[in-house]
Amino acid sequence: YPEFDDPTLRLGRSVWVETCLVCHTSDFAGAPQVTDAAAWAPRIAKGKDTLYQHALEGFHGPDGTEMPPRGGNSSLADEQVKAAVDYMVALVETLSGEKE
């Protein structure tokens, strides 16, 4: 998975690889795949604050999807969770060709 120069995205990639990758690359618990821009579009459209809240506090989606609080890793600081969200959004945009 790509690396970015931005320090927040570098931190986010590290957290994502350790905590988020398993679900967001295998459809575990209905997690949207990073290669599925269509699944991410409505989520990204809700804004980063909503994505952060769902990642920090957990979320049960209308289709039975489940995002555990902090991706199931309660030791992550808020900053780490938010960086992972930022990385995943950048990753989705990069993989879909929407962002260089």
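Draft legend 1. Just the pattern of salt bridges, in detail. The tally for this structure, following the rule as stated, stands at two salt bridges. The salt bridge involving D86 is made with K48; its shortest N-O contact spans 3.0 Å. Here D86 is found in helix α4 (residues 78-95), whereas its partner K48 is found in helix α3 (residues 48-57), with 38 residues between them in sequence. Judged by relative accessible area, K48 falls into the partly exposed class, the value being 36%.

Draft legend 2. The arrangement of the packing of aromatic side chains in detail. Enumeration according to the criterion identifies three aromatic pairs in this entry. Ring geometry for Y1 and W16: centres 4.9 Å apart, planes at 70 degrees, overall edge-to-face. Residue Y1 is located in the segment before α1 (7-24), and its partner W16 is located in helix α1; the two are separated by 15 residues in the primary sequence. When its relative accessible area of 45% is taken as the criterion, Y1 is described as partly exposed. Between the aromatic rings of F4 and Y87, the centroid separation amounts to 5.7 Å while the plane-to-plane angle is 70 degrees, which identifies the pairing as edge-to-face. Of this pair, F4 sits in the segment before α1 while Y87 sits in helix α4; the two residues are 83 residues apart in sequence, bridging distant segments of the chain. Take F4 and Y87: they sit in the same class, and that class is buried. Of the aromatic side chains, those joined through ring pairs into one cluster are Y1, F4, W16 and Y87.

Conventions used here
- Residues numbered from 1 in each chain as written.
- Predicted model: local features only at pLDDT ≥ 70, side-chain atom pairs only at ≥ 80, totals over all residues.
- Heavy atoms only, no water.
- Salt bridge = Lys/Arg side-chain N within 4 Å of Asp/Glu carboxyl O.
- Helix = DSSP H or I, 4+ residues; strand = E, 2+ residues; numbered from the N terminus.
- Buried < 20%, exposed > 50% of the residue type's maximum accessible area, 1.4 Å probe, protein only.
- Phe/Tyr/Trp six-rings, centres within 6.5 Å; stacked < 30°, edge-to-face > 60°.

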